[in-house]
Amino acid sequence: MTRFRGLLIVSLMFVATPAVAADVIDGRWGDDASCSAMFFSDNAPLTVSNYAVRWKGDSCRVGRMYKTGDTVHIQAWCWDMAGERSIPVSLRPHGGKLSVTWDRAHRAELRRCP
């Protein structure tokens, strides 16, 4: 019975870990101008959920999400007029801000939008 209880506790820890990471980064992130921009505009804030990310005119679904240390890595499948493409997204929360690396090119320090 003790082994079963220990196994149950360990399995619950693994199940709960991704939810904690998602809670930290879920929401809208930007600066003063982007936080007040329209949702579909090119200046809209970074929007993160468990199943989608949107930023800089890209609308993407989350293909895979994992965490290394305090950084959340996302393989995002984005689509536009040219078709669908995979891009890497890295999000690192720190001190109330979020460091973003989008497609290895766009980098930003964003704060949570009110």
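Residues numbered from 1 in each chain as written. Predicted model: local features only at pLDDT ≥ 70, side-chain atom pairs only at ≥ 80, totals over all residues. Heavy atoms only, no water.

### Concerning the side chain of Ser49
Relative to the assigned elements, Ser49 resides in the loop between strand S2 (46-48) and strand S3 (52-55). Classification of Ser49 as buried rests on a relative accessible area of 18%. For Ser49, the residues in contact, after removing those within four places along its chain, are Asp26, Val62 and Met65. (Helix = DSSP H or I, 4+ residues; strand = E, 2+ residues; numbered from the N terminus. Buried < 20%, exposed > 50% of the residue type's maximum accessible area, 1.4 Å probe, protein only. Contact = heavy atoms within 4.5 Å.)

### A few points about the environment of Arg28
Along the polypeptide, Arg28 turns up in strand S1 (residues 27-30). In sequence terms Arg28 and Arg112 are 84 residues apart; their C-alpha atoms lie 6.0 Å from each other. Ignoring anything within four residues of it in the chain, the contact list for Arg28 reads Cys35, Pro45, Leu46, Thr47, Arg111, Arg112 and Cys113. For Arg28, the side chain forms a polar contact with the main-chain oxygen of Cys35, separated by 2.8 Å. (Polar contact = N/O pair within 3.5 Å; in protein donor to acceptor, adjacent residues only side chain to side chain.)

### A closer look at the packing of aromatic side chains
Tallied over the full model, the rule gives one aromatic pair. Ring centres of Trp55 and Trp102 lie 5.7 Å apart, and the angle between their planes is 75°; on these two criteria the pair is classed as edge-to-face. With Trp55 in strand S3 and Trp102 in strand S7 (residues 97-102), this residue pair connects regions lying 47 residues apart in the sequence. As far as burial versus exposure is concerned, Trp55 and Trp102 are alike and both buried. We note Lys56 situated over the ring of Trp55; from NZ or CZ to the ring centre the distance is 5.0 Å. (Phe/Tyr/Trp six-rings, centres within 6.5 Å; stacked < 30°, edge-to-face > 60°. Lys NZ or Arg CZ within 6 Å of the ring centre and 35° of its normal.)

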